[in-house]
Amino acid sequence: MMAINGFLQLKPYFRLQVICMVKTFMDLTFSQEIYAPHSIRIEGELTLGGLFPVHARGLPGEPCGDIKKENGIHRLEAMLYALDQINSDDELLPNITLGARILDTCSRDTYALEQSLTFVQALIQKDTSDVRCTSGEPPVFVKPEKVVGVIGASASSVSIMVANILRLFQIPQISYASTAPELSDDRRYDFFSRVVPPDSFQAQAMVDIVKAMGWNYVSTVASEGSYGEKGVEAFMQISRDAGGICIAQSLKIPHDRKQADFDKIIDQLYSTSNARAVIIFASDEDIRGILNASKKADRVGHFLWIGSDSWGAKSSPIHLLEEAAVGAITILPKRTTIAGFDAYFTSRTLENNRRNVWFAEFWEENFNCKLMSSSKKEDTSRKCTGQERIGIDSKYEQEGKVQFVIDAVYAMAHALHNMQKDLCPDTSGICTDMEIAGGKKLLKYIRSISFNGSAGTSVTFNRNGDAPGRYDLFQYQVNNNNTPGYKVIGQWMDNLQLNIEDMQWPNGEQQIPISVCNLPCKTGERKKMVKGMPCCWHCELCDGYQYQYDETTCKLCAYNMRPNLNRTGCEPIPIVKLEWHSPWAVIPVFLAMLGIIATIFVMATFIRYNDTPIVRASGRELSYVLLTGIFLCYIITFLMIAKPDIGVCSFRRIFLGLGMCISYAALLTKTNRIYRIFEEGKTSVTPPKLISPTSQLAITSSLISVQLLGVFIWFGVDPPNAVIDYDEQKTINPDRARGVLKCDITDLQIICSLGYSILLMVTCTVYAIKTRGVPENFNEAKPIGFTMYTTCIVWLAFIPIFFGTAQSAEKLYIQTATLTISMNLSASVALGMLYMPKVYVIIFHPELNVQKRKRSFKAVVTAATMSSRLSHKPSDRPNGEAKTELCENVDPSSPAAKKKYVSYNDLVI
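The structure reproduced in this document is the subject of the present report. (Residues numbered from 1 in each chain as written. Predicted model: local features only at pLDDT ≥ 70, side-chain atom pairs only at ≥ 80, totals over all residues. Heavy atoms only, no water.)

### Let's talk about a nonpolar patch on the surface
- Taken together, the side chains of Phe 601, Tyr 840, Ile 843 and Phe 844 define a hydrophobic patch exposed on the protein surface, amounting to about 420 Å² of accessible area.
- Considering every element that reaches the nonpolar patch, the biggest residue donor is helix α24 (residues 836–844), with three residues.
- Tracing the chain through its elements places Phe 601 in helix α16 (residues 583–608). (Patch = residues over 30% accessible without salt bridge, like charges linked within 9 Å, V, L, I, M, F, W, Y side chains within 5 Å. Areas by Shrake-Rupley, 256 points an atom, 1.4 Å probe, with all protein chains shown as cover. Salt bridge = Lys/Arg side-chain N within 4 Å of Asp/Glu carboxyl O. Helix = DSSP H or I, 4+ residues; strand = E, 2+ residues; numbered from the N terminus.)

See below:
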């Protein structure tokens, strides 16, 4: 009745499903004869169902294939062993015997569903009113046993299919191996529980392993079906949530796979060869197919397998493929070998284990022999003796899920025990209340149990029916004696504990192999992420003046900084200035020192012979002014090379144009005086105005004051300061970048500062040209003219060099050297042409440094006029009359002086 009520409460869609399945079942047979050859029946007061993959999936057209020794027979015998232990325990379910109905799923979900209908026979009311025996008597039906709970199934896809039918009839189900996360949905699989943790925990453990290995680029392979697909889906979801792991490829092995499918999968995996780590959620057969294909493609050692609990520590998936499995990391729910089961199973023989209808087939496969001529085993002709012994005549190792099968049976037994205590407190066996309680009440007791399992660990269920996550981590290794095997390398219980030092890798690799999309970028390179793949990137160098700000960003250094050697940060750009030891400074300094020595020598000579005719005739006052200007032209070299600061920069502004201004102001005054004297003498005998020494000094000073006024205005508008120019030598290569310490004087300001002096120079040159016709005997105009011509050539050469190197990286050195050498040459030309001949006469020919006769202004002008008309050769001139100068000393007693005429001394130079 309870089952019918539950059926009526279902949604129409599920009711239709049930009707179709039940109709199929009823169409097959009313009896259970068809199932008898494929099931084990053990009588008991309470019957537990069992679902085990005794056989592998059959070829197309056949439901079952070869027998599965470990996953099938070991697990099935574990249930029988647990039933024996429980039935012999006086404390657990006393006076109640547990029976069993065990079916073979043949590793196929549809076949398992068909078989599991056996469990619901007792709950289906059959209409037999129209059934009669041939004698006319009503038939007598054997009432099928009532299954109170089911142990199984193994594969998640099978458990899902079976759970859909069992929940309709409210039959609790406890799986020992199904780990698909989908089964944690308590709304769809409310009668399903499991003693193994779900793949969501396993997937989390796999993600933690991948991260611990430093891998971020992996592929996944899944068997088609709930276990494989949902397991991979859980891994991908957790890895996305955790971040830092990318999936290169996610491949699926089809149900009806062929060897070509495995070969294709290996080729696809290798197409992303950087993703060496491969996550596998697959069945034993599919794992074998993958390993075999990798061996066939000669990819052994390339892939780093991470296998789920379906691989665990089994030998069957890697039999004869051990080389391809070396280094594989596998996961298995934490377990312990059950010594009692080993003793039980190794003692099984054909004689004492007749209850297992598949044991004879197992015997043939295990000992590679034939029991009878009708045996299906065709690969051997050896007959079985029946005296073979498991573990002696054949290799034996307890299958990994045996512990969980035993725990699942004990969990069902403990739930039944607790329910019997509550519902039948006064009865030692099964009471009426317990018989009619139904599966829903039993499920409540299952979810609330807590006991120590066969391995000594606690067996409990959460609200979804899941067991806590406890895993052992294995690695398949080849030890020193070349014997391969699984080795425990860690465990996972909510967090990872991994002994990396105990791990071994394929091909003798010593370090942890890499499985990354791209290697880390070098220092100074940024990651340019690949769209849609956060673990993949291209490396780009932070070039120019950029540095690596973080993994994905390059930033520009500040204007006064440059990237350091590895481009992880910025460092100050080195500051340079023109050093005294630089070749660009040594030559100008050398010329300046020679010039200063010569200028001091000339000045000292003039001072020493201050009252001699030559010194007096040269215009002493203007000569000293001119020599001061020449001296300052030499001095500016040292200011231009000295380390810039406010003081040095102030003096540079002052003396940059002042030396030339003083020099050319004095020369201009001289040439102007000569020009005016001879121009005035052509029309009048009256001397021109402002030709006295005082007047000459006044004119010179006024010309110089213009330069000083401009400098003072410059000071007021733009106060001097030392600056560091980072643009002048900011080369493409940051390593060669330099900051130039200099005064804040631009090229234009330099030219403007020199512009007035150049104007004076040009004007002086014009006067020198105008006075070129004045006889050599009477004036200093020709030496001044030659001086100005030479100076103009020097400065005409200076201007293109100065401005032509404005964009050069060596601008500081070239422009400073050019400017100082030009000023040194200008000063040297003036000093050499105007003063060296006089000094030579004064020192080496003092006999010529005597006063000649005085001549009146009129006589001088008349002589000059006549001289210009006559052509005299120097050889025709009498000794002592080679050259005359205008005399500054006027004899006051002469008639010319009384008439305010100027008298000149005719001096031999």
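### Topic: the state of the cysteines
- Applying the stated criterion across every chain yields a total of nine disulfides.
- Paired by a disulfide, Cys 64 and Cys 106 hold their sulfur atoms 1.6 Å apart. Torsion about the S-S bond of the Cys 64 and Cys 106 cystine: about 80 degrees, corresponding to right-handed handedness. A residue pair is termed long-range when its members are at least 10 positions apart, and Cys 64 in strand β4 (residues 64–67) and Cys 106 in the loop between β5 (98–104) and α4 (109–116) qualify at 42 residues.
- With relative accessibility at 0%, the residue Cys 106 sits in the buried group.
- Not part of a disulfide, Cys 764 finds its nearest cysteine sulfur in Cys 792, a span of 8.9 Å.
- For Cys 764, a relative accessible area of 0% puts it in the buried group. (Disulfide = S-S within 2.5 Å. Buried < 20%, exposed > 50% of the residue type's maximum accessible area, 1.4 Å probe, protein only.)

### Let's talk about the nonpolar core
- In this structure, Leu 48, Met 79, Leu 98, Tyr 176, Phe 341 and Leu 416 are the most contacted members of the largest nonpolar core, which totals 68 residues.
- For this core, the element with the most residues is helix α13 (residues 402–423), which contributes 14 residues.
- Every residue in contact with Met 79, bar those within four places of it in the chain, is listed here: Leu 48, Gly 49, Gly 50, Phe 52, Ala 100, Ile 102, Ile 151, Val 405 and Val 409.
- Leu 639, Cys 661, Met 788 and Val 839 belong to the second-largest nonpolar core, a separate cluster that totals 56 residues. (Core = buried A, V, L, I, M, F, W, Y, C linked by side-chain atoms within 4.5 Å. Contact = heavy atoms within 4.5 Å.)

### Let's talk about the pairing of β5
- Of all the seven residues making up β5, seven are buried; the element is thus mostly covered by neighbouring parts of the structure.
- Residues of β5 alternate between two faces, with Leu 98, Ala 100, Ile 102 and Asp 104 on one and Gly 99, Arg 101 and Leu 103 on the opposite face, all of them buried.
- With four bridges joining them, strand β1 (residues 39–42) and β5 adopt antiparallel strand pairing. Bridge assignment links Ser 39 to a residue of β5, and that residue is Leu 103.
- Where strand β2 (residues 46–52) meets β5, seven bridges bridge the pair, whose relative direction is parallel. From the neighbouring strand, Phe 52 faces β5, where its bridge partner is Asp 104. (Pairing = 2+ DSSP bridges.)

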